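The residues making up each chain are set out below.
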Amino acid sequence: MSETAKLRIGDNEIDLPVLVGTEGNRVMDITKLYAQTSCITLDEGYANTGSTTSQITYVDGEKGILRYRGYPIEELAERCDFTETAYLLIHGELPSADELEDFRRNVRLHTLLHEGMKTIFAGFPRDAHPMAILSSVVGALAIYYEDALRPNDPDHQELAIYRLLAKMPTIAAFGYKQSIGQPFIYPENHLTYCQNFLQMMFAVPSDRYEADPDFVDALNLLLILHADHGQNCSTSTVRMVGSSTVNLYSAISAGICALWGALHGGANEACINMLEKINNDGASIGKFVDRAKDPNDPFRLMGFGHRVYKNYDPRAKIIKGVCDRLLKKHSVASPIFDLARELEEVALSDPYFIDRKLYPNVDFYSGIIYRIMGIPKQMFTVLFALGRLPGWIAHWREMHDAPGGMRIHRPRQLYTGSSQRKFVPLIKR
Ligand code: CMC
């Protein structure tokens with residue numbers, strides 16, 4: 001028999017259905033609460049609120065588990081490539097060899113940008129942040145590709161999805177080239193997704209370039225690890241914006257903006273800045289840990305803590321291992337990596353972090369790998385966005401295909417402003 005929760009408000013007692021998913025917490029369904037009681041719920045930051053049902057990604061924060069479509073992240077990271085993972089997230093199943101080849105071919109078809117779009121890059125100041133460039137130019141796809149704007153038309157959906165997967169790396173790399181004053185390097189479609197991106201980032205017309213296979217593998221892995229994470233801030237943004245039935249390009253552009261913040265994807269850049277600051281200051285790690293613990297100091301350990309993980313983030317565990325291997329293989333000394341490991345050790349033995357279950361998250365070590373690869377700091381969050389793209393797309397599609405139809409997202413509020421007041425004319429104020 002299905003479980004219910006009883007709720008009494010004044011004399012009114014109602015039963016709330018308790019839903020059970022395939023895994024995870026029980027969920028009280030409050031959909032009819034307002035109609036039955038005129039009450040709404042309040043949950044600042046949505047810490048306790050399920051905004052939707054979803055079949056895409058399962059996260060168990062207590063146990064440190066992450067699975068895409070049922071497949072453990074550790075296995076996907078070891079055995080898949082990024083485009084295969086993208087297919088899995090978007091279509092729900094691992095592709096057959098033919099399906100994967102077809103998917104890759106369709107992505108390859110769309111890697112070029114409309115030539116007119118180059119003028120957009122030219123108008124940006126040299127020091128523009130690449131995340132601002134990425135969100136602007138992805139938003140501009142809705143101007144240049146008006147033939148695929150209808151979000152409910154399956155053909156338009158498909159075309160917009162291929163275009164985004166294909167063009168985001170080109171946009172990201174063009175933004176970087178513009179910022180350093182080098183000519184744009186056009187995509188080469190005989191290369192893999194990750195090879196192509198590194199080629200567009202680092203090749204110059206005057207020299208031959210071949211991406212280091214270790215870096216290609218590392219990039220592939222990082223993109224997979226970032227590809228989805230349930231109803232996080234940027235994914236919820238894509239769903240929120242998309243729920244108004246706006247086109248996919250605009251919804252993804254909004255997601256990129258949400259990702260940029262330092263509490264979300266921007267933490268990878270902020271984390272390297274923090275580690276460099278600690279290193280350059282020559283200050284003791286203890287000083288920064290003390291600052292992070294001080295309730296009167298806004299400083300936080302970047303790359304530490306997570307809304308959902310109350311255990312080691314499984315992605316951070318994988319990234320730390322790769323970091324170690326890459327540094328050894330390339331015989332690179334990284335004082336920053338040594339510092340990060342020391343910082344982790346100090347924090348994880350401190351009662352403040354233990355009591356609050358604060359562990360390194362995906363952003364703690366990823367920046368160190370990007371640095372080894374020669375990716376500039378400001379591009380770190382852009383790479384997070386490239387990785388998260390299939391997840392955003394999968395959620396946007398899932399919302400559109402919801403069996404009961406899609407509803408615009410429209411939270412309510414607890415109003416605490418003035419009650420009705422008498423208007424005072426300007427002359428009397
Ligand atoms: N350093 C020091 N204290 C922290 C940290 C931190 N990094 N994170 C959380 N706390 C403390 C916080 O001060 C609070 O203490 P108290 O209970 O005494 O007030 C307690 O831990 C709970 O924190 P919260 O802010 O209520 O937790 P949240 O779930 O709202 O925030 C978070 C999660 C990720 C925003 C936060 O842990 C944080 O700011 N971390 C640093 C930024 C970061 O690394 N972000 C990347 C997240 S993972 C990738 C992604 O999602 O994009």
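A brief look at the structure comes next. Computed from a prediction, not measured in an experiment: that's the story for all the values here.

**Topic: the overall build of the protein chain**
Stage number 1. Scanning the protein chain from N- to C-terminus turns up 18 helices and 6 strands.
Stage number 2. Its C-alpha atoms give the protein chain a radius of gyration of 23 Å, within 12% of the compact-globule value 22 Å for 429 residues.
Stage number 3. C-alpha extents for the protein chain along the principal axes are approximately 80 × 65 × 55 Å.
Stage number 4. When burial is assessed residue by residue, the protein chain has 49% of its 429 residues classed as buried.
Stage number 5. Pairs at least 24 residues apart make up 70% of the contacts formed inside the protein chain by residues separated by at least 6 positions.
Stage number 6. Accessible area for the protein chain stands at about 22300 Å²; split by element, carbon and sulfur atoms hold 51% of it.
Stage number 7. Treating the 46 positive side-chain charges of the protein chain as one cloud and the 51 negative ones as another, the clouds have centres 7 Å apart.

**So, the sheet that holds strand β6 (residues 71–72)**
Stage number 1. Taken in spatial order, the 3 strands of this open sheet run β4-β5-β6, and their pairing is antiparallel. In the strand order of this sheet, the two ends are held by β4 (57–60) and β6, each with one partner.
Stage number 2. Relative to strand β5 (residues 65–68), β4 runs antiparallel, the two being bridged by 4 bridges. If you follow T57 over to β5, its bridge partner there is Y68.

**Some details on the site of the ligand**
Stage number 1. Around the ligand sit 21 residues, and of these H264, R300, L301, G303 and R307 come closest.
Stage number 2. G265 places a main-chain nitrogen or oxygen 3.3 Å from an oxygen atom of the ligand.
Stage number 3. Within the contact set of the ligand, an oxygen atom lies 2.9 Å away from a side-chain nitrogen or oxygen of N361.
Stage number 4. If the ligand stood free it would expose 940 Å²; the protein chains cover 73% of that surface.
Stage number 5. Considering only residue class, the shell around the ligand consists of 11 nonpolar, 6 polar and 4 charged.

**So, the sheet that holds strand β1 (residues 4–9)**
Stage number 1. Taken together, 3 strands build an open sheet; the order of strands is β1-β2-β3 and the sheet is antiparallel. Looking at the sheet topology across the chains shown, the edges are occupied by β1 and β3 (26–28). Direction aside, neighbouring strands of the sheet carry axes that sit 30° apart on average.
Stage number 2. The pairing of strand β2 (residues 12–20) with β3 spans 3 bridges and is classified as antiparallel. The residue bridging L19 from the neighbouring strand is V27, located in β3.

**Some thoughts on the pattern of salt bridges**
Stage number 1. By the definition in use, this model includes 26 salt bridges.
Stage number 2. For D290, the salt bridge is made with K293, and the minimal N-O distance between the two is 3.9 Å. Here D290 pairs with K293, and both are found in helix α13 (residues 285–293), just 3 residues apart, close to one helical turn.
Stage number 3. You can call D290 partly exposed: its relative accessible area is 47%.
Stage number 4. A relative accessible area of 27% places K293 in the partly exposed class.
Stage number 5. Across the pair E344 and K320 runs a salt bridge whose closest N-O atoms are separated by 3.3 Å. Placement of the pair is E344 in helix α15 (residues 335–348) and K320 in helix α14 (residues 314–329), with a sequence separation of 24 residues.

**Things to note about unusual backbone geometry**
Stage number 1. Positive phi, normally seen in glycine, also occurs at Y46, with a value near 55°.
Stage number 2. Within the secondary structure, Y46 is located in the loop between α1 (33–37) and β4.
Stage number 3. Y46 sits in the exposed class, given a relative accessible area of 53%.
Stage number 4. One non-glycine residue, T245, lies in the positive phi region at around 70°.
Stage number 5. With respect to the secondary-structure elements, T245 resides in the loop between α10 (233–242) and α11 (248–260).
Stage number 6. For T245, a relative accessible area of 40% corresponds to the partly exposed category.

Conventions and cut-offs
- Residues numbered from 1 in each chain as written.
- Predicted model: local features only at pLDDT ≥ 70, side-chain atom pairs only at ≥ 80, totals over all residues.
- Heavy atoms only, no water.
- Helix = DSSP H or I, 4+ residues; strand = E, 2+ residues; numbered from the N terminus.
- Rg over C-alpha atoms; globule rule 2.2 N^0.38 Å.
- Buried < 20%, exposed > 50% of the residue type's maximum accessible area, 1.4 Å probe, protein only.
- Contact = heavy atoms within 4.5 Å.
- Areas by Shrake-Rupley, 256 points an atom, 1.4 Å probe, with all protein chains shown as cover.
- Lys, Arg positive; Asp, Glu negative; His and termini not counted.
- Charge placed at Lys NZ, Arg CZ, Asp CG, Glu CD.
- Pairing = 2+ DSSP bridges.
- Near = heavy atom within 4 Å.
- Polar contact = N/O pair within 3.5 Å; in protein donor to acceptor, adjacent residues only side chain to side chain.
- Nonpolar A, V, L, I, M, F, W, Y, C, P; charged D, E, K, R; others polar.
- Axes fitted to C-alpha atoms, helices over the stretch in contact; angles between N-to-C directions.
- Salt bridge = Lys/Arg side-chain N within 4 Å of Asp/Glu carboxyl O.

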